[in-house]
Amino acid sequence: MKPDASIKKCAVVFGVGASQGIGAAVCRRIAREGLWVYVVGRTQEKLNRVVQGIQNQGGHASAVIADTTQFEHVEQVFAQIREQGLLLDLVVHNVGSNYPSRFLSSTLDFFDSMWKLTFLSGFHVGQLAASVMSEQKQGTILFTGASGSLRGKPYFAAFTMGKSALRCYVQELSAQMKSEHVHVAHIIIDGMVDGDRINHAVFGLGRLLRYGKGAGGLNIDAIAENYWKLHQQPPCIWSQEIDLRPFKEKF
């Protein structure tokens, strides 16, 4: 679907899955501002539901299937935007899953697949988004991080490896892109997210686990609001990193 002539700016959100997830919530929040949103993920049915929800609220969006671990897939997304003549205002990288694994029994293939998902996909998105925005001399690139971006925990060595590498990459990219008037930031999601992934885990027992820990979970719409606020920061106070936690989270 091609945006109509009245729409001048667009945003791209990579890593959109369930309708009740961070990626989908960010898409909905951006669409409320009148931008055309490219909703990028791997499952057509899930993407269609997110796009339909945005359109039902009067917003504009397109579903795009892409595997962000493949450079040519990400490249095609940006090529599509270029062909449609839109200003690339905001890019969000929200890719990665924290699959647990016992370290001594983890295979090299598992580590490699997790590295590609948590870091390499971010490298692809960051490099291509920065290239476009350098020419524009404006734009924002946001990356979703996690507790694993800061510290390792048992059973999550592979996840921590990729997420901590992504954080370092974002720090370097942020410093480099400031002179190009491009805002690059990293958001650490430190706690359980009140979304489909945890609430539907283990036949619905995930919801009990979330409340049993006393944290309650991070609201996805509140998370999305913080992404938009980061994008709206003036250059004089650009944040390079923020962390979001439930107020009951134990440290």
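Just so you know, these numbers come straight off a predicted model, no measurement behind them.

**Here's the deal with the overall build of the chain**
Per the secondary structure count, the chain includes 8 helices and 9 strands. Considering the chain as a whole, with its 251 residues, one finds that 48% of them fall into the buried category. Residue pairs in contact within the chain that sit at least 24 positions apart in sequence constitute 73% of those at least 6 positions apart. Surface exposure of the chain reaches about 12,400 Å², of which carbon and sulfur atoms provide 54%.

**Overview of unusual backbone geometry**
Of note in this structure, Lys-137 is not a glycine but carries a positive phi near 65°. Within the secondary structure layout, Lys-137 lies in the loop between α4 (108–136) and β5 (140–146). Owing to a relative accessible area of 43%, Lys-137 belongs among the partly exposed residues under this scheme. In this structure, His-181 is a non-glycine residue whose phi angle is positive, near 65°. Looking at where His-181 falls in the secondary structure, it is placed in the loop between α5 (157–177) and β6 (183–189).

**Topic: the pattern of salt bridges**
Counting across every chain of the model gives 9 salt bridges. The residue Glu-225 makes a salt bridge to Arg-29 at a minimum N-O spacing of 2.7 Å. One end of the pair, Glu-225, is in helix α8 (residues 220–232); the other, Arg-29, is in helix α1 (residues 22–31), with 196 residues separating them in the sequence. Among the ionic pairs, Asp-112 bridges to Lys-116, the shortest N-O distance being 3.3 Å. Residue Asp-112 and its partner Lys-116 are both found in helix α4; the two are separated by 4 residues, about one turn of the helix. Overall, the relative accessible area of 34% leaves Asp-112 in the partly exposed class.

**Some words on the environment of Gly-126**
Tracing the chain through its elements places Gly-126 in helix α4. Once you skip the residues sitting within four places of it in the chain, Gly-126 turns out to touch Ile-141, Phe-143, Tyr-169 and Leu-173.

Procedures and definitions
Residues numbered from 1 in each chain as written. Predicted model: local features only at pLDDT ≥ 70, side-chain atom pairs only at ≥ 80, totals over all residues. Heavy atoms only, no water. Helix = DSSP H or I, 4+ residues; strand = E, 2+ residues; numbered from the N terminus. Buried < 20%, exposed > 50% of the residue type's maximum accessible area, 1.4 Å probe, protein only. Contact = heavy atoms within 4.5 Å. Areas by Shrake-Rupley, 256 points an atom, 1.4 Å probe, with all protein chains shown as cover. Salt bridge = Lys/Arg side-chain N within 4 Å of Asp/Glu carboxyl O.

Keep in mind these values describe shape, not function.
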